[in-house]
Amino acid sequence: MPELPEVEAVARTLRPLVCGHRIRRCRVLHTIAVRPQSAATVRRRFEGRRVENVERFGKYLTLRLDDGCAVLHFKLDGQLVWFDEHRVNGHIDIALHFRHGTLGFVDRRHFGRVLWFRAAEEVPGIRGLGPDPLSRDFTLDYLRSLLTKSRRPVKLLLMDQTRIAGLGNIYASESLWRARIGPRRLSHRVRPEEARRLHKAIVDVLSRALECCLDPAPDFRDPGWWFQGLERILGVYDLEGKPCRRCGTRIRRIQQAGRSSYYCPTCQR
DNA sequence: CCTGCTACCTGATGGC
DNA sequence: TGCCATCAGGTAGCAG
């Protein structure tokens, strides 16, 4: 559940479910999910702790505890499931048992992590995050200064979490399509009026995606839940060979830093 | 500091 | 059917 809108929707849905509740037991069913920490440490730190708040930092999700902090990252495929009872089924990596049910962290691919830190700010990946694009800190001036200072392709800059927190492969491609800027354009070659379009495109696409992710909201009780209807707002992602909605040209896919970038060769320059 | 590349894992899919 | 290659929404770590 990779990018900002999806993690934000999960945070908002999870908050009322676990805030104020105590983790009575923690089971580490796949120790790789807590690496490089130890299962014993994570269990000991989590058990008996009360969840004070659920927050999002970029694509990280945190459960602030009355002592310390549970830090979750879903990477590519991680997700949450909820059981109303203490019994769980299916592939579960980490189970957090509450009085009223059990929260499961699921990631068959084992890229995702559930870790304990004293505070969210102590997580290197969180400390290094750039401004959140849905916050006031993400101004047009900030984006322009970022672009001016970088010589990398703009798509890679958008995905750099230390510059902007939360954009990933889908919404980086989508933002550039909306702004009509080619993914390979060098950042410092983006002109001021294009930067303005890009700023609006980023905010708009993330806002629309978040609305989409909240309606319907994630249903952790359904083991097969996933976000519905996001295709409706996508213009290029995973649409190689399909006609561009603006000009009809076939969408192209290229590789950048090992990841697929999708774009319209006619309206993105 | 900046940038680019690889490893980390598992499962789904498509060509032969 | 089997086998192989390729692909997947991310990030840490290391080298130049």
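Fair warning: this is a prediction, and the values are worked out from it, not measured in the lab.

What follows is about the protein's contact with DNA strand B. Around DNA strand B lies a shell formed by I32, R35, R108, R109, H110, F111, S150, R151, R152, L156 and R163. Expressed as a percentage, the sugar and phosphate content of the atoms of DNA strand B within 4 Å of the protein is 67%. R109 has a polar side-chain atom sitting 2.6 Å from a base oxygen of DNA strand B. The residue makeup of the surface near DNA strand B, split by class, is three nonpolar, two polar and six charged.

A separate point is the side chain of E8. Position of E8 relative to the elements: it lies in helix α1 (residues 4-18). A polar contact is formed between the side chain of E8 and the side chain of R12, at a distance of 2.8 Å. Setting aside residues no more than four positions away along its own chain, E8 makes contact with R56 and L210.

Okay, the nonpolar core next. Residues L14, F46, L61, L63 and L80 are the most contacted members of the largest nonpolar core, which totals 65 residues. The dominant element in this core, judged by the number of residues it contributes, is helix α7 (residues 192-214), at ten residues. There are two domains that each give this core at least three residues, and those are domain 1 (4-127) and domain 2 (140-231). If you look at the next biggest cluster of nonpolar residues, it comprises ten residues, including C69, V71, F117 and I126.

Looking now at α1. The end-to-end C-alpha separation of α1 is 21 Å, in line with the 21 Å expected for 15 residues at 1.5 Å each. Across the 15 residues that make up α1, a large majority, twelve, are buried. Looking at α1, one finds that the buried residues are L4, P5, E6, V7, E8, A9, V10, A11, T13, L14, L17 and V18. G20, located one to two residues past α1, shows a positive phi value of around 85°.

The subject of this paragraph is unusual backbone geometry. Going from R35 to P36, the amide bond is cis rather than trans, its omega being 5°. Looking at where P36 falls in the secondary structure, it is placed in the loop between β1 (25-28) and α2 (39-46). Along the chain, D215 connects to P216 via a cis peptide bond; the corresponding omega equals 5°. For P216, the location among the structural elements is in the loop between α7 and β9 (252-256). With a phi close to 60°, D238 is a non-glycine residue in the positive phi region. Positionally, D238 belongs in the loop between α7 and β9. D238 sits in the exposed class, given a relative accessible area of 52%. Residues other than glycine seldom take positive phi values, yet A257 does so here, at roughly 50°. By secondary structure assignment, the location of A257 is in the loop between β9 and β10 (259-263). The class of A257 is exposed, set by a relative accessible area of 64%.

Ring pairs (aromatic) are described by centroid distance and by the angle formed between their planes. As enumerated under the stated definition, the model contains seven aromatic pairs in all. Each ring, one from F220 and one from W225, has its centre 5.5 Å from the other, and the planes form 70°; the classification is edge-to-face. For the residue pair F220 and W225, the accessibility class agrees, reading buried in each case. Taken together, a centroid distance of 5.6 Å and an interplanar angle of 65° make the contact between W226 and F227 edge-to-face. We classify W226 as partly exposed; its relative accessible area is 37%. Grouping aromatic residues by their ring pairs yields a cluster made of F220, W225, W226 and F227. Positioned over the ring face of F111 is R109, at 4.5 Å from the centre of the ring. In this arrangement the basic side chain of R246 is found over the ring face of W177, its NZ or CZ atom lying 4.3 Å from the centre.

About the criteria used
- Residues numbered from 1 in each chain as written.
- Chains lettered and ligands numbered in written order.
- Predicted model: local features only at pLDDT ≥ 70, side-chain atom pairs only at ≥ 80, totals over all residues.
- Heavy atoms only, no water.
- Near = heavy atom within 4 Å.
- Polar contact = N/O pair within 3.5 Å; in protein donor to acceptor, adjacent residues only side chain to side chain.
- Nonpolar A, V, L, I, M, F, W, Y, C, P; charged D, E, K, R; others polar.
- Helix = DSSP H or I, 4+ residues; strand = E, 2+ residues; numbered from the N terminus.
- Contact = heavy atoms within 4.5 Å.
- Core = buried A, V, L, I, M, F, W, Y, C linked by side-chain atoms within 4.5 Å.
- Buried < 20%, exposed > 50% of the residue type's maximum accessible area, 1.4 Å probe, protein only.
- Domains from an automatic or database assignment.
- Expected span 1.5 Å × (residues − 1).
- Phe/Tyr/Trp six-rings, centres within 6.5 Å; stacked < 30°, edge-to-face > 60°.
- Lys NZ or Arg CZ within 6 Å of the ring centre and 35° of its normal.

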